[in-house]
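Each chain, letter by letter, is given below.
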Amino acid sequence: MGLENLLPGYRCTDGIWDEMCDTNQIRAHYSKVFAALKELDVAALQQKDRLAAELFMNQGITFTVYSDNAGIERIFPFDIIPRIITGKEWEHVENGIKQRLKALNHFLKDIYHEQQIIKDKVVPAALIASCPHYTREVYGIKVPHDIYIHISGIDLIRGDDGNFYVLEDNLRTPSGVSYMLENREVTKRIFPEMLSANHVRRVSNYPLLLHEILLQLAPPQISNPTVVLLTPGVYNSAYYEHTFLARQMGVSLVEGRDLVVDHHKVYMKTTNGLEQVHVIYRRIDDEYLDPLIFRPDSALGVPGLMSAYRKGTVAIVNAVGNGVADDKAVYAYVPAMIRYYLNEEPILSNVPTYELSQPDARKYVFDNIQQMVIKRTNQSGGYGMIMGNKVTEEEWAAARPAIEADSRNFIAQPIIKLSTVPCFIDGVFQPRHVDLRPYALCGPQGIQIVPGGLTRVALRPGSLVVNSSQGGGSKDTWVVD
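Description of the structure in this document. Here the structure is a predicted model, which means the values were calculated and not measured.

Cut-offs used in this document
- Residues numbered from 1 in each chain as written.
- Predicted model: local features only at pLDDT ≥ 70, side-chain atom pairs only at ≥ 80, totals over all residues.
- Heavy atoms only, no water.
- Helix = DSSP H or I, 4+ residues; strand = E, 2+ residues; numbered from the N terminus.
- Rg over C-alpha atoms; globule rule 2.2 N^0.38 Å.
- Contact = heavy atoms within 4.5 Å.
- Areas by Shrake-Rupley, 256 points an atom, 1.4 Å probe, with all protein chains shown as cover.
- Lys, Arg positive; Asp, Glu negative; His and termini not counted.
- Charge placed at Lys NZ, Arg CZ, Asp CG, Glu CD.
- 1 Å grid on protein atoms, 1.4 Å probe; cavity = no way out; pocket = protein on both sides within 12 Å on 5 of 7 lines; lining within 4 Å.
- Points joined across faces, edges and corners; volume = space filled by probe spheres on them.
- Nonpolar A, V, L, I, M, F, W, Y, C, P; charged D, E, K, R; others polar.
- Phe/Tyr/Trp six-rings, centres within 6.5 Å; stacked < 30°, edge-to-face > 60°.
- Buried < 20%, exposed > 50% of the residue type's maximum accessible area, 1.4 Å probe, protein only.
- Lys NZ or Arg CZ within 6 Å of the ring centre and 35° of its normal.
- Salt bridge = Lys/Arg side-chain N within 4 Å of Asp/Glu carboxyl O.

**Details of the overall build of the chain**
(1) Moving on: Along its length, the chain carries 15 helices and 25 strands.
(2) Moving on: The globule rule puts the C-alpha radius of gyration for 481 residues at 23 Å, and the 23 Å found for the chain is close to it.
(3) Moving on: Dimensions along the principal axes, computed over C-alpha positions, put the chain at roughly 70 × 60 × 45 Å.
(4) Moving on: Within the chain, residue pairs in contact and separated by at least 24 positions form 69% of the contacts whose partners lie at least 6 positions apart.
(5) Moving on: As presented, the chain carries roughly 20,700 Å² of accessible surface, and 49% of it is formed by carbon and sulfur atoms.
(6) Moving on: Positive and negative charge centroids in the chain, built from 48 and 55 side chains respectively, lie 2 Å apart.

Here it is, written out as structure tokens:
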């Protein structure tokens, strides 16, 4: 089925992997979807596009966009054309993520206890000591079942060779899962027959799986544990997700002021008095959790929470201190961790990464800045990046001395042309760059990965910035057999 007959004007870009087409022929796993779309005219697709926007509006599905300096909430942009991944491709991704999370969990346990990986000089001691998210306050704390990473969102990209690469590990408070779930619900409304005809694997059981894992993490001998979701409050950019997950799991949504610690136990204030809390799914960063231990000016946390955590009377999900494994400089050592802890070769490769604290690497990056993207090691959301192919001479002249003065906190990677997928924009199909964030849940029974995850879309033509906080959008992700 030729593209010229089905999608007039859609052109695959040379040197970029398009997930729908290959040499202007539709790939087999997309053919059934576009055979169905061919039965619809532009007006029908535009009507479905409007319906999707109305559904998101009515559900109040929003995200705060900070890049316009207004910090206002907007309806989460959604593209109606699904992204399709084959079952074979997904099996490879799933195995790679499980392997990676096993190694990262070993790493977190190790550096907060024996630190054998440092003694064996696999990871430099200076790298860990200089990491702002290495939390010395939790050194020696034993966490339930030795699980540090309960919920993760591993960001993947697809390069021009069609292979998936890990871009970064989100192991603290990964966001976006509610948008993945709502994307599927909206797709059910606008393309019900197409969804069932393609035998798409379901994602709707995520809240149930998460709730089961949270219950399993409660201290022993607790027959009916109390689980709460701790939110920073209504002004947080992901507050919609906090309310959504609490409602789906049937647990209380609380703020720091709703909790109190007494005799190393955490209690929730209720109309019937204090009720002990056994598991906290927190959506608050480490430094705000307990003003007695971390930031004394934090009004978001719970005074004394860390004392209860150390005593083992409450489980905190994800574990406190995970940020050290989120550091983009530490990311470069994950393949070495896999070999060290598991004695295996990595299934999913990293993007080549240059630590700018190393003089030779820094010189190479500076000499080839046009092909590089420079990132701060502890920034997220697409902020703090320097795109070498777009930076002006004046901007680079200002940025270079700052990087040289604080080189530990910068890494560089080659600019990778993310794969493209078809999007329905302005009444026509257009290619747009995407990444993928699959969500993994780790509990005492093992690792479970939701089939698909959140596909984020760079809605601006040619843009590689997919982050929702900077105006990116998303689409439903189908894993089909």
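Here the narrative resumes, following the displayed structure.
**Describing empty space enclosed by the protein**
(1) Moving on: One pass over the structure, following the stated rule, counts two cavities of 30 Å³ or more.
(2) Moving on: What the largest cavity holds in volume is close to 40 Å³.
(3) Moving on: Around the largest cavity, the lining residues are H133, R172, T173, R282, I284, D285, D286 and E287.
(4) Moving on: Among the residues forming the lining of the largest cavity, the class breakdown is one nonpolar, two polar and five charged.
(5) Moving on: Roughly 30 Å³ of internal volume is contained in the second largest cavity.

**Things to note about the packing of aromatic side chains**
Each aromatic ring pair is described using two quantities: the centre-to-centre distance and the angle formed by the ring planes.
(1) Moving on: With the rule as written, the count across this model stands at eleven aromatic pairs.
(2) Moving on: Plain terms: the ring middles of Y240 and F244 are 6.0 Å apart, the flat faces sit at 35° to each other, and that makes the pair tilted. With Y240 and F244 both in helix 10 (residues 239-249) and four residues apart, this pair spans about one turn of that helix.
(3) Moving on: Among the residues examined, F244 registers a relative accessible area of 6% and is labelled buried.
(4) Moving on: Three or more aromatic residues joined by ring pairs form one cluster here, namely Y30, F34, F424 and F429.
(5) Moving on: In this structure, R27 packs its charged tip against the face of W17, placed 4.3 Å from the ring centre.

**Re the layout of surface pockets**
(1) Moving on: In this model, the second largest pocket occupies a volume close to 260 Å³.
(2) Moving on: In terms of lining, the second largest pocket is formed by 15 residues, of which the most central are D49, P77, F78, D79 and F424.
(3) Moving on: Of all elements in the fold, only helix 3 (42-59), strand 5 (78-86) and strand 20 (420-425) reach the threshold of two or more residues within the lining of the second largest pocket.
(4) Moving on: It is helix 3 that contributes the most residues to the lining of the second largest pocket, five residues altogether.

**Some thoughts on the pattern of salt bridges**
If the charged atoms of two oppositely charged side chains come close together, the side chains can form a pair.
(1) Moving on: What the rule picks out here adds up to 23 salt bridges.
(2) Moving on: Among the salt bridges present, the one from E168 reaches K328, with a minimum N-O distance of 3.8 Å. Of this pair, E168 sits in strand 7 (residues 164-170) while K328 sits in helix 12 (residues 328-331), placing them 160 residues apart in sequence.
(3) Moving on: By sharing partners, the salt bridges in this structure join E19, R83, E89 and R158 into a single network.

**Considering the environment of D14**
(1) Moving on: Considering the arrangement of structural elements, one finds D14 in the loop between helix 1 (3-6) and strand 1 (21-22).
(2) Moving on: Measuring from C-alpha to C-alpha, the distance between D14 and D160 comes to 9.4 Å, with 146 residues separating the pair along the chain.

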